[in-house]
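# Topology and contacts: notes
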Amino acid sequence: MKNVQRLTLIFGVVMIIVATLLPFGGMPAALIPPRWCVRCGGLWLTDAISNVVLFVPLGIALALRGWRWWRVALAALIGSVFVESMQAIGLPPGRSAAVADLITNTLGGLLGVPLLNGWRAQRELTSVSAARLSIGWTVLTITVFTLTTLALGPRESTPNTTDAFATSVSPFEHVPGHPWYEGINDSAFVDTAHFTKGWSGPFISQVNRELTPLHAGVTVRQTDPSWERTPLLFVHLPNDSAALLMIAKHGNNAQLLVSRRAWDWGLAFPVADVPNAFANRSLKDPRPLSFIATATSDALRIESRGAFAGSGTVRLSPILGWALIQTIVTVQSPLAPALLAGWLFALLAPVGWWSVKSERRWMGASACLAVLGSLVALPWWKQVHALTVAELLLVCSCMGAGALLALLHRKRQLSHGARRESPAAVH
């Protein structure tokens, strides 16, 4: 037991150090929100969820050592004050200190206590309580998939679909919150409107309303040496400084960002990449490089032509919630499948677990059918991308894994009970 306590504590501390004090994941100076803010930046809810989850292992580790809830909360607060103080003095660079982080970090540590107590209560869980938990968790899971589907939708509905889609000169002279692109932009288009430039700086265009699908593109020559995200084409709605659509250079990659309702909720939104589109290009490279982007209700796609050929596509489906609550692993990353599997397991394994604990054979099948039914209906309802057969099988596997773990746990409990009774039986 002491080894478990020690390893859990080490894991919790290492997670916090890696996520907060190592020099990666910083943001450009222009995007760092004011210090000690309460609602910080556009991704305030994503940051809050990340901070809560980050401190949960520490809370569990301290609760395992027998600490009372108030001591766990105090330890999480002290740790958070240390982290935020280091970030406030610029260690590591590109981070911001915030009152919101102190609150959410402390809540994360405190949340570890009831999670541990809930796990320990499994031994005395009645079949009726397990049935209620199975139903409740099934409803919660379907709610998460529904909110994900809504978050991937457009930021606002079109007030009058009979109005012609129109572009105009943007009142912005500079893309809000982003550095200037030092390369040469030759031309761009948004739907049927075309622009020419031939000098440095991004194209900034204003459109009168959302349009689905939205087509846009930009052609560049010389390369900006910056590794920050620098816009090439920035499209926005009137009186809105957030990008409706943005094609940008980020390091060697070309990116397509399309804001969705998730942005208004303080969540992240998926980004489509063309990896290494700007690799092996000199600062004065005269070869034209074009990027063509298409944003539909169910997918984002960006394609590069000319000096480099490549493409990136992101499918917008109801199971994409993991990408909305973190900004470290992108949807196209090699780590994305593992993160998706972990996300679905965390959502769906408890359904199978409590279905078995309820000792009602019909409950697991009913929960599985309810979840699968929602995942089939949601894409039809909001025109997001339907799940593939492999993804549906993954959903079923996660619920089945939870049920299997519950069966193994029951077998282990029965085995322990038999061993306790064996000496009495001998006497």
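Here we summarise the structure given alongside this text. Just so you know, these numbers come straight off a predicted model, no measurement behind them.

### What to know about the sheet that holds strand E9 (residues 271-274)
Spatial strand order, E1-E4-E6-E7-E8-E9: 6 strands in an open sheet with mixed pairing. Only two strands of the sheet have a single neighbouring strand rather than two, namely strand E1 (167-169) and E9. Across the sheet, the mean angle from the axis of one strand to that of its neighbour is 25 degrees, orientation sign disregarded. In terms of strand pairing, strand E8 (residues 253-258) meets E9 through 4 bridges, oriented antiparallel.

### Notes on the pairing of strand E5 (residues 214-220)
By the criterion of burial, E5 is predominantly enclosed, with 6 of the 7 residues buried. The sheet contact formed by strand E2 (residues 184-190) and E5 spans 5 bridges and is antiparallel. Note that in E5 the partner of asparagine 185 across the bridge is valine 220. Two elements, E5 and strand E10 (residues 289-295), share 7 bridges in a ladder whose sense is antiparallel. By the bridge assignment for E10, glycine 217 is matched with isoleucine 292.

### What about a nonpolar patch on the surface?
On the surface, Leu7, Ile10, Val13, Val14, Ile17, Val18 and Leu22 cluster together into a nonpolar patch covering about 540 Å² of accessible area. By the element assignment, isoleucine 17 lies in helix H1 (residues 2-21).

### Comments concerning the packing of helix H5 (residues 127-151) against helix H9 (residues 361-382)
The interhelical angle for the contact between H5 and H9, taken along N-to-C directions, is 10 degrees, at an axis separation of 10 Å. By the angle between their axes, H5 is roughly parallel relative to H9. The two elements H5 and H9 cross, and the hand of that crossing is right-handed. The segment H5 lies against H9, with Ala131, Ser134, Ile135, Thr138, Ile142, Phe145, Thr146, Thr149 and Leu150 engaging Met363, Ala367, Ala370, Val371, Ser374, Leu375, Leu378, Trp381 and Lys382.

### Things to note about the pattern of salt bridges
Going through the model one piece at a time under the given rule, you end up with 6 salt bridges. Aspartate 264 is the partner of arginine 155 in a salt bridge, and the nearest nitrogen-oxygen pair spans 2.8 Å. On the criterion of sequence distance, the pair formed by arginine 155 in the loop between H5 and E1 and aspartate 264 in helix H6 (residues 261-264) is long-range, its members being 109 residues apart. Its salt-bridge partner being glutamate 391, residue arginine 315 comes within 2.6 Å of it at the nearest N-O pair. Taken together, the residues span a long stretch of sequence, with arginine 315 in strand E12 (residues 310-315) and glutamate 391 in helix H10 (residues 389-426) at a distance of 76 residues.

### Thoughts on helix H3 (residues 69-88)
With 20 residues, H3 should reach 28 Å at 1.5 Å per residue; the first-to-last C-alpha distance of 28 Å fits that figure. Burial in H3 covers these residues: Val72, Ala73, Ala76, Ser80, Val83, Glu84, Gln87 and Ala88. Each buried residue of H3 sits inside an arc of 135 degrees when the element is viewed along its axis, so together they form one side. On its buried face, H3 is in contact with H1, helix H2 (44-64) and helix H4 (99-120). Note on H3: the residue one or two positions beyond its end, glycine 90, has a positive phi of about 95 degrees.

### Considerations on the nonpolar core
Within the largest apolar cluster, 61 residues are counted, with the highest numbers of intra-cluster contacts made by Ile247 and Phe291. Sorting elements by how many residues they give to this core places helix H8 (residues 336-357) first, with 7 residues. Not counting the four nearest positions on each side in its chain, phenylalanine 291 is found in contact with Ala216, Gly217, Val218, Val220, Leu232, Ile247, Ala254, Ala277, Phe278, Ile302, Glu303 and Ser304. Leu54, Phe55, Ala63 and Leu116 belong to the second-largest nonpolar core, a separate cluster that totals 12 residues.

Procedures and definitions
- Residues numbered from 1 in each chain as written.
- Predicted model: local features only at pLDDT ≥ 70, side-chain atom pairs only at ≥ 80, totals over all residues.
- Heavy atoms only, no water.
- Pairing = 2+ DSSP bridges.
- Helix = DSSP H or I, 4+ residues; strand = E, 2+ residues; numbered from the N terminus.
- Axes fitted to C-alpha atoms, helices over the stretch in contact; angles between N-to-C directions.
- Buried < 20%, exposed > 50% of the residue type's maximum accessible area, 1.4 Å probe, protein only.
- Patch = residues over 30% accessible without salt bridge, like charges linked within 9 Å, V, L, I, M, F, W, Y side chains within 5 Å.
- Areas by Shrake-Rupley, 256 points an atom, 1.4 Å probe, with all protein chains shown as cover.
- Salt bridge = Lys/Arg side-chain N within 4 Å of Asp/Glu carboxyl O.
- Parallel < 35°, antiparallel > 145°, perpendicular 65-115°, else oblique.
- Left-handed = near helix turned anticlockwise from the far one by under 90°.
- Contact = heavy atoms within 4.5 Å.
- Expected span 1.5 Å × (residues − 1).
- Arc of directions from axis to C-beta.
- Core = buried A, V, L, I, M, F, W, Y, C linked by side-chain atoms within 4.5 Å.

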